[in-house]
Amino acid sequence: MSSARHYTLTLSCPDRVGIVAAVSTFVANHQGWIVEAQHHADRVAQRFFMRQEILAESLPFGIEVFREQFAAIAESFQMEWNITDSAQKKRVVILVSKLEHCLYDLLSRWQSGELDVEIPCVISNHDVFRKFVEWHEIPFYYVPVMPDTKADAFDKVMHLFDNAKGDVMILARYMQVLSPEMCDRYSGRIINIHHSFLPSFVGAKPYHQAYERGVKLTGATCHYVTADLDAGPIIEQDVIRIDHSDSVDDLVRYGKDIEKAVLARGLRYHVEDRVLVHGNKTVVFR
């Protein structure tokens, strides 16, 4: 990603001749400087995907005028498109339960400046990380989730997210199944991380189950949340090899390490507008 202020234009549309030429000509006609450009044509779906970073200072107008003037081109190609300003940091709301590794990693990357976002709050259904979060001078909200109050709890979470003007919600090992209403309301804006044993080892103690089966790989999957549990569009995955000498504790440790890395990469791709969703698949411009 360019360090200078830039606009990121992303789009997808039915594939046809002239898309790249039309977009590039529009930018060039306004003396725009394209500092990064990527595109992909899905021959099976007959759909075209593009991402461009345009140096903001090279254009004679701001992002709102860009939207107005680009709209005619977008309509002519039936584009689904968006443009964002790198000067406007994405606001990331983190949800967590009692497993700390992903929360700790994200806050460390944020505090060091490696993750260039704003974190307006952390929400949890347990109160164990309050002091840790507040030490970072981030508001912490405890929202217990009980079987008979789950709907009210999720209403409160949505209220907190909206009040925080959140752009994306991160489930940093938040061990609750979100309501279909939440999944629909924030479609493409909720990111989850889980071990990649699914669907083979479901329920409690998946690493113990995997150890008993003698698996040779462990991994993690970062995906968008949908009403279909753990079945949303995948953003990022990775694996690590294990062998007969590894204990259950080793598997758990490997799992935590890879979950942290995969979630951080997936979140980075999202906040840098590198992920385009089409159906239940993604195009990720790394």
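Asks: Can you explain the nonpolar core? Please cite residues and give values.
Replies: Ranked by size, the top nonpolar core spans 32 residues in total, and within it Ile94, Val122, Ile170 and Leu263 carry the most contacts. Every element with two or more residues in this core is listed here: strand 5 (92-96), helix 3 (101-112), strand 8 (168-171), strand 9 (190-195), strand 10 (217-224) and helix 8 (248-271). Sorting elements by how many residues they give to this core places helix 8 first, with 6 residues. Ignoring any residue separated from it by four or fewer positions in sequence, one finds Val122 in contact with Ile94, Val96, Leu103, Val133, Ile138, Pro139, Phe140 and Tyr141.

Asks: Summarise helix 1 (residues 19-29); cite the residues concerned and give the values.
Replies: Every buried residue of helix 1 is accounted for by Ile19, Ala22, Val23, Phe26 and Val27. Considered in projection along helix 1, the buried side chains sweep an arc of 125 degrees and stay on one side of the axis. Directly beyond the C-terminal end of helix 1, a positive phi value near 65 degrees is found at Gln31.

Asks: I'd like a rundown of a negative patch on the surface, residues and numbers included.
Replies: There is a patch of like negative charges on the surface, built from Asp152, Asp155, Glu181 and Asp184. Looking at the negative patch, the elements that each hand over two or more residues are helix 5 (150-163) and helix 6 (180-185). By the element assignment, Asp155 lies in helix 5. Given the relative accessible area of 40%, Asp155 is considered partly exposed.

Asks: Can you lay out unusual backbone geometry for me, pointing to particular residues and giving the numbers?
Replies: Even without being glycine, Arg173 reaches a positive phi, approximately 60 degrees. Although it is not a glycine, Asp273 sits at a positive phi angle of roughly 60 degrees.

Asks: Tell me about the packing of helix 1 against helix 2 (residues 63-76), residues and numbers included.
Replies: At a closest axis distance of 11 Å, the pairing of helix 1 and helix 2 adopts a crossing angle of 150 degrees. By the angle class used here, helix 1 and helix 2 are roughly antiparallel. In this structure, helix 1 crosses over helix 2, and the sense of that crossing is right-handed. Residues Ala22, Val23 and Phe26 of helix 1 touch helix 2, and the partners they reach there are Phe66, Gln69, Phe70 and Ile73. Of the residues in the contact of helix 1 with helix 2, the class split is 6 nonpolar, 1 polar and no charged.

Rules used in this analysis
Residues numbered from 1 in each chain as written. Predicted model: local features only at pLDDT ≥ 70, side-chain atom pairs only at ≥ 80, totals over all residues. Heavy atoms only, no water. Core = buried A, V, L, I, M, F, W, Y, C linked by side-chain atoms within 4.5 Å. Buried < 20%, exposed > 50% of the residue type's maximum accessible area, 1.4 Å probe, protein only. Helix = DSSP H or I, 4+ residues; strand = E, 2+ residues; numbered from the N terminus. Contact = heavy atoms within 4.5 Å. Arc of directions from axis to C-beta. Patch = residues over 30% accessible without salt bridge, like charges linked within 9 Å, V, L, I, M, F, W, Y side chains within 5 Å. Areas by Shrake-Rupley, 256 points an atom, 1.4 Å probe, with all protein chains shown as cover. Salt bridge = Lys/Arg side-chain N within 4 Å of Asp/Glu carboxyl O. Lys, Arg positive; Asp, Glu negative; His and termini not counted. Charge placed at Lys NZ, Arg CZ, Asp CG, Glu CD. Axes fitted to C-alpha atoms, helices over the stretch in contact; angles between N-to-C directions. Parallel < 35°, antiparallel > 145°, perpendicular 65-115°, else oblique. Left-handed = near helix turned anticlockwise from the far one by under 90°. Nonpolar A, V, L, I, M, F, W, Y, C, P; charged D, E, K, R; others polar.

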